[in-house]
Amino acid sequence: MFPGGDRLRHPSGASQRAGPDQSALVGEDGRLLLALATPVVLLAVRWIGQRPAGTVSSVTGRLRWRWLTLCVLTALPIVGLAMGGMLLLPADGGEEFRWAGWPVFGPALAMLVVLVPLQAAAEEYVFRGWLTQAVGAFLRSPWCSLLPQAGLFAAAHGWGTPWGFADLVVFGAAAGWLTWRTGGLEASIGLHTVNNILAFALSAATVDGLKSDETAADATWPLVASDVASIALYTAAVVWLLRRRPTARTAPAPLPPVQPPAFATPYAPVTGFPVAPPWAGRPAPGTTGNPRPGESCSGRTPPLERRHDRSIAC
């Protein structure tokens, strides 16, 4: 594939300058700056999208490291075989391969192993993560969001040969489909990382290989044919792994809001002074009711009537 905005050069086409310039790893392509796209995407999803940042990585809300490791191990022999086939192709310039030497190749390889995974993952988070999810949220068919991001991914790596541009589109579409099929970015990150590390390592092994201005967009049709075959083989291998080890593809639906129990329902607000309802034997408000024995209708006890004693005093 040899995509990803990465310089790709046939080893026999190396220039005469002694040794690759390691600043090419972080300077011209801005790989350190590009690696910062990952936290920017995560923060934008969390603050602007109002959803967990981990939902960009996979449907489980996190990066599934075990699945990512399995995808990397799957991509290594496939991409390595494609790189080996590339060495058998005839060189453009006719120059022989010139080994850069371990004093040059060793430090360059160490920097590649550290920086390239960050750069490859950042591209996946931008194109297959944030962009695909942002467009797919408004569309029903996944292809309506996979194809635009593939075209933008190819355009972001420059305009070279038609074959090179088509190769980048194929890679972007395949990586997007794997993201949708597996429910996460692990498969696309694994393929992208392995491809970039091997492509850069091959360039670093040649004299002045990393100083080449050629990118994946400048690939010729023999390179594209080899790359498309490796992409198809890797995609088939991942699908086979999914059948052996199924992974989550969709996120669980959000639960409905829990309704409070009936006894926990608050009472209706009371306006004014509460008045207790009347009961049997109690007069209603504003009435006097039936007087009790010994009481008048006014509620007062009547005075004792004076009895005229008719008895004769002794």
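In the block above lies the structure referred to throughout.
Reading the values: rules and limits
Residues numbered from 1 in each chain as written. Predicted model: local features only at pLDDT ≥ 70, side-chain atom pairs only at ≥ 80, totals over all residues. Heavy atoms only, no water. Helix = DSSP H or I, 4+ residues; strand = E, 2+ residues; numbered from the N terminus. Buried < 20%, exposed > 50% of the residue type's maximum accessible area, 1.4 Å probe, protein only. Areas by Shrake-Rupley, 256 points an atom, 1.4 Å probe, with all protein chains shown as cover. Axes fitted to C-alpha atoms, helices over the stretch in contact; angles between N-to-C directions. Parallel < 35°, antiparallel > 145°, perpendicular 65-115°, else oblique. Contact = heavy atoms within 4.5 Å. Nonpolar A, V, L, I, M, F, W, Y, C, P; charged D, E, K, R; others polar. Phe/Tyr/Trp six-rings, centres within 6.5 Å; stacked < 30°, edge-to-face > 60°. Lys NZ or Arg CZ within 6 Å of the ring centre and 35° of its normal. Polar contact = N/O pair within 3.5 Å; in protein donor to acceptor, adjacent residues only side chain to side chain. Left-handed = near helix turned anticlockwise from the far one by under 90°. Salt bridge = Lys/Arg side-chain N within 4 Å of Asp/Glu carboxyl O.

Draft legend 1. Inspection of the overall build of the protein chain at higher detail. Regarding its fold elements, the protein chain presents eight helices and zero strands. Reading the protein chain from its N terminus to its C terminus gives the helix and strand order α-α-α-α-α-α-α-α. A total of 314 residues make up the protein chain; the buried ones form 39% of that total. In the form shown here, the protein chain has an accessible surface area of approximately 18,700 Å², with 67% of it arising from carbon and sulfur atoms.

Draft legend 2. Spatial organisation of the packing of helix α6 (residues 162–182) against helix α8 (residues 221–244). Their axes nearest at 9 Å, the elements α6 and α8 cross at an angle of 5 degrees. Considering the angle they form, α6 stands roughly parallel to α8. Between α6 and α8, the contacting residues are Trp163, Gly164, Asp167, Val170, Phe171, Ala174, Trp177, Leu178, Arg181 and Thr182 on the first element and Trp221, Val224, Asp227, Val228, Ile231, Tyr234, Thr235, Val238, Val239 and Leu242 on the second. Of the residues assigned to the contact of α6 with α8, the class counts are 14 nonpolar, three polar and three charged.

Draft legend 3. Expanded view of the packing of aromatic side chains. Across all of its chains, the model carries seven aromatic pairs by this definition. In textbook terms, an aromatic cluster arises when at least three aromatic residues are bridged by ring pairs, as seen for Trp99, Trp102 and Phe105. The ring of Phe153 carries the charged tip of Arg128 above its face, separated from the ring centre by 4.3 Å. Above the ring of Trp180, the side-chain terminus of Arg249 is found at 5.0 Å from the ring centroid.

Draft legend 4. Structural view of unusual backbone geometry. Even without being glycine, Gln50 reaches a positive phi, approximately 55 degrees. Of note, Gln50 is situated in the loop between α2 (37–47) and α3 (65–87).

Draft legend 5. Fine view of the environment of Pro162. For Pro162, the position within the fold is in helix α6. For Pro162 and Thr220, which are 58 residues apart along the polypeptide, the C-alpha to C-alpha distance reads 8.7 Å.

Draft legend 6. Focus on the side chain of Glu124. Counting through the fold element by element, Glu124 comes out in helix α4 (residues 102–136). Only 2.7 Å separates the side chain of Glu124 from the side chain of Arg128, close enough to count as a polar contact. Once residues within four sequence positions are removed from consideration, Glu124 is found in contact with Gly129, Phe171, Ala175, Leu185, Ser188, Ile189 and His192.

Draft legend 7. Representation of the packing of α4 against helix α5 (residues 143–155) in the model. Contact pair α4 / α5: the axes reach a minimum separation of 9 Å and the direction vectors enclose 140 degrees. Between α4 and α5 the crossing geometry is right-handed. Only Cys144, Ser145, Leu146, Gln149, Leu152 and Phe153 of α5 make contact with α4, whose side of the interface consists of Glu123, Phe127, Arg128, Leu131, Thr132, Val135 and Gly136. Class assignment of the residues belonging to the contact of α4 with α5 gives a composition of seven nonpolar, four polar and two charged.

Draft legend 8. Focus on the pattern of salt bridges. Enumeration over the complete set of coordinates arrives at two salt bridges. Between Arg128 and Glu124 there is a salt bridge; the shortest N-O distance is 2.7 Å. Linking Arg128 with Glu124, this pair stays in helix α4, spanning four residues, or about one helical turn. By the burial criterion, Arg128 is buried, and Glu124 matches it.

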